[in-house]
Amino acid sequence: MSTSLVDQVNAALATVNDPEIKRPITDLGMVDSVTVDDTGLASITVLLTVAGCPLKDTINRDVTAAVTKVPGVSGVDLTLGVMTAEQRAGLKDILSDGKAQREIPFAQPGSLTKVFAIASGKGGVGKSSVTVNLALAMAKQGLKVGVVDADIYGHSVPAMLGVADSRPTQVDDLIMPVPTSSGVSVISIGMLKPRRDQVVAWRGPMLDRALVQMLADVYWGDLDVLLLDLPPGTGDVAISLGQHLPGAEVVVVTTPQEAAAEVAERAGTMASMMHQRVVGVVENMSFLPCPHCAAEGTEHRLEIFGSGGGARVAETLSSRFGYDVPVLGQIPLDVSLREGGDVGKPIVDADPTAPAAEVLTAVATRLAGRGRGLAGMQLGLTPTAKF
């Protein structure tokens, strides 16, 4: 057996990332043994975190592909084993960097992750659709994006991302978010239920505990952006978010009609009460482009749900807070936007040139590129002496 060939195989294995943790399998202690015989056959044992690892086929494929490229390797004999309890405990220590659990990484002063909470005053305005499309648009721009489906009762994000039947892998009490084909990682209370059709009937303390679990007990890694899909209204989860992530910035989603705009203002005001900055308003279902006029080369907007709701919310919140709350975008009605959510293929990925996709992409670019201002945020400063 050639030592140098074994070293080359190990180097190739170092290029293989665990599909859930997004770190090299060599760094995670997953490579148990590597040998190469005189014929060039590489015999490798890789340890999975759990026996039912949902992405073991991906690991098998990636390891085989990486090692096959090594000059001198004639074949790959890969064995997939399972970590012992001690090895999983070691992996947990690696992932948590030895820190105590129940600490929300995004709430720490040194966190570089931009956190955006997507809020609405009422249900049915397309808040979840906006969330998943913003997440995919940001991922397409090369950012590492995570999504927390904090809409405890109406958790629809996994289905919209095409992972409704997926379950997260658990390493002791550390949970791996579910990866998607777009590169976005997601966690939802729906993924933690024994059955998909099980009803969540929780009150305040349980809702707070669920939110903390999805933020603190999940290994998110180094994210550029974290998006939270909040429940509609100004209830327990919105209050808990303000307490646990006071630095989160809020995007308010509304539709053009008066009734939606009025309650959307309340959602934005709640965020301000929790010392969170409202960074903008997204008006969904703004208008329907007239298909007959479009065929004739002219533009005519059918304002099915009225007009001006988004502008009204932005103007009211700007006046109320004393800083500019802009309208980030007006998303037109689009059948493919609805269809994409139904089949787990959001429109920014399935049909990126559609008008709705272009607006959502522009909003994502604007959010991802903005600085982190201090206006409207609580600094947590306390005077220590009187002069």
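Residues numbered from 1 in each chain as written. Predicted model: local features only at pLDDT ≥ 70, side-chain atom pairs only at ≥ 80, totals over all residues. Heavy atoms only, no water.

### Things to note about the overall build of the chain
Phase 1: A tally of regular secondary structure across the chain gives 14 helices and 15 strands.
Phase 2: Classification of the 387 residues of the chain by burial places 50% in the buried group.
Phase 3: Summing over all exposed atoms, the chain offers an accessible surface of approximately 17800 Å²; the carbon and sulfur share of this is 53%. (Helix = DSSP H or I, 4+ residues; strand = E, 2+ residues; numbered from the N terminus. Buried < 20%, exposed > 50% of the residue type's maximum accessible area, 1.4 Å probe, protein only. Areas by Shrake-Rupley, 256 points an atom, 1.4 Å probe, with all protein chains shown as cover.)

### Remarks on the environment of valine 82
Phase 1: The topology assignment puts valine 82 in strand E3 (residues 75-82).
Phase 2: If we ignore the near neighbours within four places in the chain, the residues touching valine 82 are Leu47, Leu48, Thr49, Val50, Ala51, Gln87 and Arg88. (Contact = heavy atoms within 4.5 Å.)

### Considering the packing of aromatic side chains
Phase 1: By the definition in use, this model includes one aromatic pair.
Phase 2: Sitting above the plane of the tyrosine 323 ring, arginine 277 keeps its charged end 4.2 Å from the centroid. (Phe/Tyr/Trp six-rings, centres within 6.5 Å; stacked < 30°, edge-to-face > 60°. Lys NZ or Arg CZ within 6 Å of the ring centre and 35° of its normal.)

### Examining helix H4 (residues 127-140)
Each α-helix turn comprises 3.6 residues. Residues three or four places apart therefore point the same way.
Phase 1: The end-to-end C-alpha distance of H4, which contains 14 residues, comes to 20 Å, matching closely the 20 Å that a straight helix rising 1.5 Å per residue would cover.
Phase 2: Burial of H4 is extensive: 13 of the 14 residues sit out of reach of the surface.
Phase 3: Downstream of H4 by one or two residues, glycine 142 has phi in the positive range, about 95 degrees. (Expected span 1.5 Å × (residues − 1).)

### Some details on the environment of leucine 226
Phase 1: Within the secondary structure, leucine 226 sits in strand E10 (residues 225-229).
Phase 2: Measuring from C-alpha to C-alpha, the distance between leucine 226 and phenylalanine 106 comes to 8.7 Å, with 120 residues separating the pair along the chain.
Phase 3: For leucine 226, the residues in contact, after removing those within four places along its chain, are Phe106, Thr113, Lys114, Val115, Phe116, Gly146, Val147, Val148, Leu215 and Trp220.

### Some words on the pattern of salt bridges
Phase 1: All chains considered together, the criterion is met by eight salt bridges.
Phase 2: With its nearest N and O atoms 3.4 Å apart, the salt bridge here joins arginine 266 to glutamate 262. Taken together, the residues arginine 266 and glutamate 262, both in helix H9 (residues 258-273) and four residues apart, mark about one turn of the helix.
Phase 3: Judged by relative accessible area, which is 47%, arginine 266 ranks as partly exposed.
Phase 4: A relative accessible area of 38% means that glutamate 262 is categorised as partly exposed. (Salt bridge = Lys/Arg side-chain N within 4 Å of Asp/Glu carboxyl O.)

### Digging into the sheet that holds strand E8 (residues 178-179)
Phase 1: Pairing is mixed in the open sheet, where eight strands are placed in the order E8-E9-E5-E10-E4-E11-E12-E15. Pairing within the sheet leaves two strands with one partner each, and these edge strands are E8 and strand E15 (327-330).
Phase 2: Looking at chain direction, strand E4 (residues 114-120) and strand E11 (residues 249-254) are connected through five bridges and run parallel. Across the sheet, the residue bridging to phenylalanine 116 is glutamate 249, located in E11.
Phase 3: Most of the contacts of helix H11 (residues 309-321) go to strand E12 (residues 277-283), to which it runs at about 165 degrees, and overall it touches E11, E12 and E15. (Pairing = 2+ DSSP bridges. Axes fitted to C-alpha atoms, helices over the stretch in contact; angles between N-to-C directions.)

### Overview of the confidence of the model for the chain
Phase 1: The share of residues in the chain with pLDDT of 70 or more is 87%, and the mean pLDDT across the chain is 84.
Phase 2: Element-level pLDDT for the chain is lowest in helix H10 (residues 291-295), with a mean of 66, against a maximum mean of 96 in E15.
Phase 3: Low confidence marks residues 373-383, where pLDDT is under 50. Its contacts with residues over four positions away, or in another chain, come to 11 contacts. (pLDDT = per-residue confidence, 0-100.)

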